[in-house]
Amino acid sequence: FSSRRRHTRYIGDWSSDVCSSDLIMMGLDVTHQAIATKTRLEDILETKTVTGKNIVSLMSSLSDIEIVREIFPDGTPVHDAFVTAYLVDDTLTNGKFVNIEIETKSELSLGQSVIDTNSVTGRKKNVYWMNQVNDDKLFEIIKSASSKLP
């Protein structure tokens, strides 16, 4: 997704002449595709490191919660480690440059991200919205990092 490097979005009008940054959004659309299955956790444990053991403990800590088991019967989604892995390898996800606005007026959807995936609003595109993940690659990164640490 190399084109994201060419686009810059200023963070707020107040800082447009001081600070700029690419905005990349990785919401639950992506992290819910990265499931820490029993097989994947066992694979991380094969590193036989304290780090691997701690990562598995963290990733499986929500697995006993009933609602998590209902929504994700095969394992729990990976959130924080996902973002860290993306910083290691930004080819981990795919997405598109879209307009995203945060709903600020509706009682029903206050705070919701409204993503114009098909450019129907005509609004200026402002965020790279990641909506696909290479989940196998994610767990390879996690396992590799685990094997290199104590």
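Presented here is a report on the structure given in the accompanying data block. Counting restarts for each chain: residues are numbered from 1 in the order of the written sequence. This being a predicted model, a pLDDT of at least 70 is required before a residue's local features are given, and a value of 80 or more before pairs of side-chain atoms are given or counted; all residues contribute to the totals for chains, interfaces and linings. Hydrogens are left out, water is left out, and the side-chain values use all remaining heavy atoms of the structure.

Some points on the layout of surface pockets
Rolled over the atoms, a probe sized like a water molecule indicates the empty space that remains.
And step 1. For each structure, a 1 Å grid was placed over the protein atoms alone; sets of points admitting a 1.4 Å probe that cannot get out are labelled cavities, open sets with protein on both sides within 12 Å along at least five of seven lines are labelled pockets, and lining residues have an atom within 4 Å of a point. Grid points are joined across faces, edges and corners, and a volume is the space filled by probe spheres set on the points. Each pocket or cavity is described by its volume, and for the largest pocket that value is around 420 Å³.
And step 2. Together, 19 residues line the largest pocket, and L58, M59, V78, D80 and A81 are the ones closest to its centre.
And step 3. Those elements that provide at least two residues to the lining of the largest pocket are α3 (50-59), β5 (75-77), α5 (80-88) and α6 (135-148).
And step 4. Each residue gets one of three labels, nonpolar for Ala, Val, Leu, Ile, Met, Phe, Trp, Tyr, Cys and Pro, charged for Asp, Glu, Lys and Arg, and polar for the others, Gly among them. Looking at the lining of the largest pocket residue by residue, the classes come out as 13 nonpolar, five polar and one charged. Helix and strand assignments follow DSSP, with helices taken as H or I runs no shorter than four residues and strands as E runs no shorter than two, numbered in order from the N terminus.

Looking at a nonpolar patch on the surface
And step 1. On the surface, L62, I65, I67 and I71 cluster together into a nonpolar patch covering about 370 Å² of accessible area.
And step 2. Structurally, the position occupied by I65 is in the loop between α3 and α4 (66-71). Like charges are joined within 9 Å and nonpolar side chains (Val, Leu, Ile, Met, Phe, Trp, Tyr) within 5 Å, but only among residues with over 30% relative accessible area and no salt bridge; these make up the patches. We get accessible surface area from the Shrake-Rupley algorithm with a probe of 1.4 Å; when it comes to residues, only the shown protein chains can shield them. For salt bridges, the criterion is a side-chain nitrogen of Lys or Arg within 4 Å of an Asp or Glu carboxyl oxygen.

What about the nonpolar core?
And step 1. Here, nonpolar core refers to any group of buried Ala, Val, Leu, Ile, Met, Phe, Trp, Tyr and Cys residues whose side-chain atoms link them within 4.5 Å. Working definition: with a 1.4 Å probe on protein chains only, accessible area under 20% of the residue-type maximum means buried, over 50% means exposed, and in between means partly exposed. Membership of the largest hydrophobic core comes to 19 residues, with the highest contact counts inside it found for M59, V78, F82, L92, L138 and F139.
And step 2. Going through the elements one at a time, α2 (38-45), α3, α5, β8 (127-133) and α6 are the ones with two or more residues in this core.
And step 3. Looking at which element gives the most residues to this core, the answer is α6, with four residues.
And step 4. Aside from chain neighbours lying at most four places away, what touches M59 is A36, L41, I44, T76, V78, A81, F139 and I142. By definition in these notes, contact holds between two residues if any of their heavy atoms fall within 4.5 Å.

Here's the deal with the sheet that holds β8
And step 1. Two strands pair if DSSP finds at least two bridges between them. Ordered by their spatial adjacency, four strands build an open sheet running β3-β8-β6-β7, and the pairing between neighbours is mixed. Both outer strands of the open sheet, β3 (24-25) and β7 (113-116), are each paired with one neighbouring strand and no more.
And step 2. As defined by bridge partners, strand β6 (residues 93-102) adjoins β8 across six bridges and the pair is classed as antiparallel. From the neighbouring strand, N94 faces β8, where its bridge partner is Q132.

A short note on the pattern of salt bridges
And step 1. Scanning all chains against the criterion turns up six salt bridges.
And step 2. Salt-bridge contacts for D43 lead to K143; the nearest nitrogen and oxygen are separated by 2.9 Å. In this pair, D43 sits in helix α2 while K143 sits in helix α6, placing the two residues 100 residues apart along the sequence.
And step 3. A relative accessible area of 31% places D43 in the partly exposed class.
And step 4. Its relative accessible area of 25% is what places K143 among the partly exposed residues.
And step 5. Between K137 and D89 there is a salt bridge, with the nearest N and O atoms lying 3.5 Å from each other. Pair noted here: K137 is in helix α6 and D89 is in the loop between α5 and β6, with a separation of 48 residues, a long-range link.
And step 6. Among the residues examined, K137 registers a relative accessible area of 23% and is labelled partly exposed.

Section: α6
And step 1. In this model α6 runs 20 Å from its N-terminal to its C-terminal C-alpha over 14 residues, within 8% of the 20 Å that 1.5 Å per residue would give.
And step 2. Buried within α6 we find L138, F139, I141, I142 and S146. Buried positions in α6, seen along its axis, are confined to an arc of 150° and lie on one side of it. Turned more than 90 degrees away from the buried face of α6, the exposed residues are E140 and K148. A helix is expected to span 1.5 Å for every residue after the first. Note that the arc is defined by the directions from the helix axis to the C-beta atoms.

That's the geometry; what it means functionally is another story.
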